[in-house]
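# Structure assessment
Next come the chains, spelled out residue by residue.
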Amino acid sequence: MEIDERYIRKIIHIDMDAFYASVEQLDNPELRGKPIAVGGSRERGVVAAASYEAREYGVKSAMPSSQAYQRCRQLIFVKPRFDRYKEISQQIRSIFYDYTDLVEPLSLDEAYLDVTTNKCEIPSATLIASEIRERIKKETGLNASAGISINKFLAKVASDINKPNGQKLIPPKEALNFMEELSIDEFYGVGAKTAERMKRMGIHSGSDLKAKPLQWLVKQFGKSGLHYFNIVRGIQKSKVKPNRIRKSIGAERTFEKDLYDLNDIDYQLKNVTQKVASRTADLKAKGKTVTLKLKYSDFTIQTRSRSDNHFISEEADILSVARSLLNEQPLEQPIRLIGVTLSNLEKKARGSGVQLTLKF
């Protein structure tokens, strides 16, 4: 069985290698070859990115800093510099646009490119990926990995295979066999809970998923059943979207010490809200929904949201709603992290971009 040609595109997924950490090592030669973690501190916070030297000890992004330090006593913690990361990200993105206008950024350090037809009239997506990676290295000093395949799902999976500083092609004739051998955990749209449920049903791989009829999948998983039926057969209708809709603007902060005092909590809430309001002003955006995120001392997370009928953007308005949400119910424990997000944005202000949450 072959994949329907209607669903075959030339898609590249570019993923920068340990981006934040690599930028820090690029700018500070003393950090090169050493295990570093961007974000947090030895005692508090969360690792935003880890160098490959740190990953050898099991340090990963989103890991509590204290746990990361336990795994690697030589770990060097570096404060993030998002303005610098954004500056280099824009350099990299400008390289992408030399080849195609169909660029879908996922974050500062990764993007999809549709090069089915491209500005350079290069017939091979593999050659384009190689050329882009070479230019990124030459113009920024950083390494990138790439995946090339028939759709976004397979391109993203492929980009992880030969990391760091490598690339992988999954051509059309190999795509179906590749997916049959792929673990169900790796499939696009299959979250952790769904994967566990599938495994209890005997679905451990793409081959197991492919053996299930459409009617059975729809009965078990509703509308998602059709997606699972299609994706394992190489059918992904999702196109590279050059103008992704921004969903939210947010900021959050992890504290050096847990906050007990309500005055201290309110003070930090105001600081986080200032970051959100500043970014909102930069984007000339407005939103109707404010969400408050609280992480307690035991790492449990609680979110509270409120929507209004009118759009807001001013710091005072966002802070008023955030304070109201904070006072909705007594705090369960001391606070480790506070986050504020403005969402349900005004359409004309959404622009191209991705969900943005600044951590500081």
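Residues numbered from 1 in each chain as written. Predicted model: local features only at pLDDT ≥ 70, side-chain atom pairs only at ≥ 80, totals over all residues. Heavy atoms only, no water.

### Section: the environment of Ala125
By secondary structure assignment, the location of Ala125 is in helix H5 (residues 125-140). With 17 residues separating them in the primary sequence, Ala125 and Leu142 have C-alpha atoms 21 Å apart. For Ala125, the residues in contact, after removing those within four places along its chain, are Lys10, Ile12, Val115 and Ile148. (Helix = DSSP H or I, 4+ residues; strand = E, 2+ residues; numbered from the N terminus. Contact = heavy atoms within 4.5 Å.)

### A word on the pairing of strand E6 (residues 110-114)
With five of its five residues buried, E6 lies for the most part within the structure. Here E6 shows a buried face lined by Glu110, Tyr112 and Asp114 and a second buried face lined by Ala111 and Leu113. Alignment of strand E5 (residues 103-107) against E6, held across four bridges, turns out to be antiparallel. Within E6, the position partnered with Ser107 by the bridge is Glu110. (Buried < 20%, exposed > 50% of the residue type's maximum accessible area, 1.4 Å probe, protein only. Pairing = 2+ DSSP bridges.)

### Quick notes on the sheet that holds strand E4 (residues 76-78)
Here three strands make up an open sheet; going across it, the order is E3-E2-E4 and the pairing mixed. Edge strands, defined here as strands with exactly one partner in the open sheet, are strand E3 (49-50) and E4. Relative to E4, strand E2 (residues 36-38) runs parallel, the two sharing three bridges. In the sheet register, Val38 faces E4, and the bridge partner there is Val78. Running over the sheet, helix H1 (residues 19-27) touches E2, E3 and E4 and is turned about 115° from E2. (Axes fitted to C-alpha atoms, helices over the stretch in contact; angles between N-to-C directions.)

### What about the packing of helix H12 (residues 262-282) against helix H13 (residues 315-326)?
At their nearest, the axes of H12 and H13 sit 9 Å apart, and the two run at 140° to each other. As far as their axial angle goes, H13 and H12 are oblique. Handedness of the crossing formed by H12 with H13: right-handed. Across from Ile265, Asp266, Leu269, Lys270, Thr273, Gln274, Val276 and Ala277 in H12, the residues of H13 making contact are Glu315, Ile318, Leu319, Ala322, Arg323 and Leu326. For the contact of H12 with H13, the class distribution of residues is eight nonpolar, two polar and four charged. (Parallel < 35°, antiparallel > 145°, perpendicular 65-115°, else oblique. Left-handed = near helix turned anticlockwise from the far one by under 90°. Nonpolar A, V, L, I, M, F, W, Y, C, P; charged D, E, K, R; others polar.)

### A closer look at the confidence of the model for the chain
Residue-level pLDDT values for the chain average 91, and 95% of them are 70 or greater. This model gives residues 350-356 a pLDDT under 50, and the stretch forms 25 contacts once residues within four places in sequence are excluded. (pLDDT = per-residue confidence, 0-100.)

### Regarding H1
Because an α-helix completes one turn every 3.6 residues, residues spaced three or four positions apart along the sequence face the same direction. Here H1 lies mainly inside the structure; seven of its nine residues are buried. Against strand E1 (11-16), E2, E3, helix H2 (52-55), E4 and helix H4 (82-96) lie the buried residues of H1.

### Overview of unusual backbone geometry
Here the amide bond leading from Lys163 into Pro164 is cis, since omega sits at -5°, within 30 degrees of zero. Even without being glycine, Ala18 reaches a positive phi, approximately 45°. Along the chain, the position of Ala18 falls in the loop between E1 and H1. For Ala18, a relative accessible area of 6% corresponds to the buried category. Of note in this structure, Glu121 is not a glycine but carries a positive phi near 55°. Within the fold, Glu121 resides in the loop between E6 and H5. For Glu121, a relative accessible area of 71% gives the class exposed.

### Some thoughts on the sheet that holds E6
Strand pairing in a sheet is mediated by backbone hydrogen bonds. Such pairs are either parallel or antiparallel. The sheet built from five strands is open, its strands ordered E5-E6-E1-E7-E8 with mixed pairing. Strands at the two margins of the open sheet, each flanked by one partner only, are E5 and strand E8 (167-169). On average, each strand axis in the sheet is tilted by 15° relative to the strand beside it, whichever way the strands run. Along the sheet, H5 contacts E1, E6, strand E7 (144-149) and E8; its crossing angle with E7, the most-contacted strand, is approximately 170°. Where helix H6 (residues 152-159) meets the sheet, it contacts E1, E5, E6, E7 and E8, and its direction lies at approximately 140° from that of E7.

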